[in-house]
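Coordinates in review
Chain by chain, the residues:
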Amino acid sequence: MPRVDPSTPEGARAALTTMWTIRRFEEALEDLYSRGLLHGTNHLSIGQEAVAVGVCGALEEGDLITSTHRGHGHCLAHGADPMRMMAELLGRVDGYCRGRGGSMHIADVDAGNLGANGIVAGSMTIAAGAALSMRMQGRDAVVVCFFGDGAANEGSFHEALNLAGVWGLPVLFLCENNQYGMSMSQDSSTAGGSVAARGAAYGIEGRRIDGNDLDAVHAAAAEAVAGVRAGGGPALLEAVTYRYRGHSKSDRNLYRTLDEIESWRNERDPVDRFEAAAVASGRLTAEDVDAVRAEARDLLRDAVQRAVRSPEPTVDDLDGAAYAGRSTAAVA
Amino acid sequence: MAEVMSTSRAINAAMRVAMAEDPRVFLAGEDIGVYGGAFGVTDGLLGEFGAERVRDTPISEDIIVGMAVGAAITGMRPVIEMQFSDFVVNAMDPLVNQAAKLHFMYGGNVTVPMVLRLPGGGGTGAAEQHSQSLEAWFAHVPGLKVVAPSTPQDAHDLLLASINDPDPVVLVEHKLLYKAEGPVEVRGSLAEVDAAFAGTVPRRTGGDLTIVSYSRGCAVALDAAEALAADGVEATVLDLRSLRPLDLGPVIASVTATGRLLVTHEAPGPVGVGAEVVAGVVGSEAFDHLLVPPVRVTGRDNPMPYAPGLERATIPQVEDVVAAARRLMAEDD
Ligand SMILES: Cc1ncc(C[n+]2csc(CCOP(=O)(O)OP(=O)(O)O)c2C)c(N)n1
Ligand SMILES: [Mg+2]
């Protein structure tokens, strides 16, 4: 049974809450950054929330995900505590990685999030290995491997799909196609123009879906995951979406037009669309929507307040920390 | 009871012990199944343990190593063979950016218990792209461990210790050692080998100078020491065995006694393991006991050439070590 069923009132409410939590979380990051309270860089997924929420809601307890540099949404949708994520971004000891990883490297292993990754396509080979591991251990867990449209041009993408295909591994490759790498459009970077179509080369069924329609994402992911879990081998979904913010802090948006950004924001926003659909279908009332928004706002306010009170790590926390076992020379 | 066997048999025996004992252990690599691996190291294991645990992979080094990382962080203990150490270059991301980083980067929430076996070194006529000694690269990376056995027994024990280790271990295997034979006590279980044992050990003792090496360099050093002994010069030969962490205590103690240090390895000298050893000794209490400046006898600073004479000239030979040792002995007389 998927964890969230957005076709029910409870499920719709849960999905909307998570979407708003992601958006408020990332808006809080922008606010903290502009006030000089957040260092480093981060990659925001504002505008892409329906992908993370639709897919993670279609998973079961025990399923695993691997994430990317643009991973706050995946992390929250897979059950992370916003306060511990915020603490990580603030570089505090209560962060998921004790302040060692930051935005691009959050792992919440207890919840089944094997980690975000600062290397484009870096988690694709890891996801295949985790899927092999699940099968060898006789667990019926499915691994969802999130990756970007840009990652589909890395060798790791092709090696991962090939191995997963030839070994029939239980992994769903989930391309979050926001149509750009950093600045390069999918049209100019990707021969054939489609990530989904590449699945065929590896005997994997690939489908392109509307990534800004939460109900559609959830349905496609639930179907794909069920097929993978039933032993059908890997699956590939390409969810078309759009990021409103720059790639990261250094982006001056020179590679696209304001019109393009505005049209996605005004006409195809995943949160707006889901609210409208849920109200129109009677799953939620307008009051429910207001309540969810307020809930997410309060949740984040509280998370930030608690995270800033978490202490900064001290340098002695680094000693031996690169190793789980012995890190110094043996005494012969 | 020790029996005489080749290094490749000793490694094979270690795999058999680990596989029989721990269902989490599995092997993966190119042509390691029915073919038995390019150097025959995994011969017979497919028949014994089956294709699920002795996994032939596509020729895809990136995913071979990345797959191992994913399996390791989710509870398995993969033992990976790179067909030749040179091909690990195609897997640098999963090894250096992933395996070495995840435990630290994720705040200790995952461990990466995997072993990467790298058959390396020259002397086989395989030339530039199949003969390298890349160990210094990996010894440079925090998060990795690097071990380099020189005897069949150590090849056996170090593999078991590496499989038992919670961290990613790069096992440097010299291809010319695979056929070298020696007494091996086959261990009964993984736990019989203490992971902390892999410190520097003496292979020979003498009071006149200290020769430090590892992997196949130890055989060169020992032959050189015998030649020197004929002249009445007695050398201590130390085998580092582990390059990261590096156990310099016995080196410092030996140089304090002999006053002379020679480090030899097949890898080129610049920014190599020898430089690290020399720096460690010079920066220690042994400095005051040095009678002459330490020397390195390393691989020639060029890619491994094909022509036999050129290949030989690129790999440190016994006579090179003997000549350098004689100069060391002469300098302070
Ligand atoms: C191997 C590697 N190359 C380049 C980069 C720099 N970089 C980080 S994100 C990015 C764009 C990735 O595009 P995509 O996969 O579509 O993900 P998106 O940022 O759109 O979510 C680039 C070039 C990197 N982190 N890793
Ligand atoms: Mg993209």
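Keep in mind the model is a prediction, meaning the values are calculated, not measured.

A few words now on the overall build of chain B. Summing up its helical and strand segments, chain B has 12 helices and 14 strands in all. Relative to its length of 333 residues, chain B is compact, with a C-alpha radius of gyration of 20 Å against a globular reference of 20 Å. By principal-axis analysis of the C-alpha atoms, chain B measures approximately 65 × 45 × 40 Å. Expressed as a percentage of its 333 residues, the buried residues of chain B come to 57%. Of all intrachain contacts in chain B linking residues separated by at least 6 positions in sequence, the fraction that spans at least 24 positions is 79%.

Helices and strands together make up the secondary structure of chain A, namely 11 helices and 5 strands. Computed over the C-alpha atoms, the radius of gyration of chain A is 20 Å, within 12% of the 20 Å expected from 2.2 N^0.38 for a compact globule of 332 residues. Across its three principal directions, the C-alpha atoms of chain A cover 70 × 50 × 45 Å. Once local pairs closer than 6 in sequence are excluded, the contacts in chain A between residues at least 24 apart make up 75%.

Moving on: the site of ligand 1. In the region of ligand 1, 15 residues are neighbours, and Arg70, Val120, Gly148, Gly150 and Gly181 of chain A sit closest. When the residues that make up the shell around ligand 1 are grouped by side-chain class, the tally is 5 nonpolar, 8 polar and 2 charged.

This part is about helix 9 (residues 249-258) of chain B. Residue and element names in this part refer to chain B. Among the residues of helix 9, those classed as buried are Pro250, Val251, Ile252, Ser254, Val255 and Thr258. Where helix 9 is buried, its residues meet strand 10 (209-213), strand 11 (235-239), strand 13 (261-268) and helix 10 (273-282). Positioned one or two residues after helix 9, Gly259 has a phi angle of 80°, which is positive.

Residue and element names in this part refer to chain A. Taking strand neighbours across the sheet as the criterion, the 5 strands line up as 1-2-3-5-4 in an open arrangement whose pairing is parallel. For this open sheet the edge positions go to strand 1 (64-66) and strand 4 (206-210), each flanked by a neighbour on one side alone. Recorded for the sheet is a direction-independent mean angle of 20° between the axes of neighbouring strands. In this structure, strand 4 lies alongside strand 5 (residues 235-240), joined through 5 bridges in parallel fashion. Across the sheet, residue Arg208 finds its bridge partner in strand 5, namely Glu238. Most of the contacts of helix 5 (residues 122-136) go to strand 2 (residues 143-148), to which it runs at about 170°, and overall it touches strand 1, strand 2 and strand 3 (171-177).

Attention shifts here to the sheet that holds strand 13 of chain B. Consider a sheet: its strands pair through backbone hydrogen bonds, and that pairing is either parallel or antiparallel. Residues and elements named next belong to chain B. On the basis of which strands lie adjacent, the open sheet formed by 5 strands has the order 9-11-10-13-14 and mixed pairing. In the strand order of this sheet, the two ends are held by strand 9 (201-204) and strand 14 (295-299), each with one partner. Direction aside, neighbouring strands of the sheet carry axes that sit 25° apart on average. Note that strand 9 and strand 11 share 3 bridges and pair antiparallel. Paired with Val201 across the strands is Asp239, a residue of strand 11. In this fold helix 10 packs onto strand 10, strand 13 and strand 14, with an angle of close to 155° to the strand it touches most, strand 13.

By a widespread convention, an interface's size corresponds to the accessible area lost as its parts come together. Facing 49 residues of chain B, the contacting portion of chain A comprises 42 residues. Among the secondary structure elements, those contributing two or more residues to the side of chain B that touches chain A are helix 3 (61-73), helix 4 (92-99), helix 5 (102-105) and helix 9 of chain B. The biggest single contributor to the side of chain B that touches chain A is helix 3 of chain B, with 9 residues.

Residue and element names in this part refer to chain B. Two numbers describe how helix 8 (residues 217-230) lies on helix 12 (residues 318-331): the axes approach to 8 Å, and their chain directions differ by 55°. Overall, the two elements helix 8 and helix 12 adopt an arrangement that is oblique. Of the two elements, helix 8 crosses helix 12, and the hand of that crossing is right-handed. Contacts between helix 8 and helix 12 involve Val220, Ala221, Asp223, Ala224, Ala227 and Leu228 from the first element and Val318, Val321, Val322 and Ala325 from the second. Classifying every residue of the contact of helix 8 with helix 12 gives 9 nonpolar, no polar and 1 charged.

This paragraph deals with the domain arrangement of chain B. Residues and elements named next belong to chain B. Split by domain assignment, chain B resolves into domain 1 (3-197) and domain 2 (201-331). Taking only C-alpha atoms, the centre of domain 1 and the centre of domain 2 are 26 Å apart. Every contact between the two is made by 24 residues of domain 1 and, on the other side, 24 residues of domain 2. Secondary-structure elements contributing two or more residues to the side of domain 1 that touches domain 2 are helix 6 (135-139), strand 6 (145-147) and strand 7 (169-174). Taken together, the residues that form the side of domain 1 that touches domain 2 break down as 11 nonpolar, 9 polar and 4 charged.

Turning to helix 1 (residues 7-21) of chain B, a few remarks are in order. The periodicity of an α-helix, 3.6 residues per turn, causes residues three or four places apart in sequence to face the same way. All names here are of chain B. With 15 residues, helix 1 extends 21 Å between its outermost C-alpha atoms, agreeing within 8% with the 21 Å of an ideal straight helix rising 1.5 Å per residue. Burial of helix 1 is extensive: 12 of the 15 residues sit out of reach of the surface. Where helix 1 is concerned, the buried positions are Thr7, Ser8, Arg9, Ala10, Ile11, Asn12, Ala13, Ala14, Met15, Val17, Ala18 and Met19. Against strand 1 (3-6), strand 2 (25-29), helix 2 (45-49), strand 4 (77-81), helix 7 (152-164) and strand 8 (181-184) lie the buried residues of helix 1.

About the thresholds
Residue positions are given per chain, counting from 1 as you read along its sequence in written order. Think of it this way: whatever chain is written first is A, whatever ligand is written first is 1, and the rest follow in order. Per-residue local features are limited, in this predicted model, to residues with pLDDT of at least 70; the limit for side-chain atom pairs, both in listing and counting, is 80 or more; totals at the level of whole chains, interfaces and linings are taken over all residues. Comment: elements are numbered from the N terminus, with helices defined as DSSP H or I runs of at least four residues and strands as E runs of at least two. Both definitions apply: the radius of gyration is a C-alpha atom measure, and the globule rule equals 2.2 Å times residues to the power 0.38. Residues with at least 20 other C-beta atoms within 10 Å of their own are called buried, those with 12 or fewer are called exposed, and the rest are partly exposed. The C-beta atoms themselves are positioned from the backbone. Remark: residues whose backbone-derived C-beta atoms lie within 7 Å of one another are considered to be in contact. Should the C-beta atom of a residue, placed from the backbone, lie within 6 Å of a molecule or strand, that residue is near it. In this classification, the charged set is Asp, Glu, Lys and Arg, the nonpolar set is Ala, Val, Leu, Ile, Met, Phe, Trp, Tyr, Cys and Pro, and all remaining amino acids, among them Gly, are polar. Paired strands, as defined in this entry, are two strands with at least two bridges between them according to DSSP. Helix axes are fitted only over the stretch in contact, all axes being lines through C-alpha atoms; the angle between N-to-C directions runs from 0 to 180 degrees. An angle below 35 degrees is read as roughly parallel, one above 145 as roughly antiparallel, one from 65 to 115 as roughly perpendicular, and any other as oblique. When the near helix sits turned anticlockwise from the far one by under a right angle, the crossing is termed left-handed; a clockwise turn instead gives a right-handed crossing. Segmentation into domains, and thus their bounds, comes from an automatic or database assignment. In this scheme, a helix's expected span is set at 1.5 Å multiplied by one less than its residue total.

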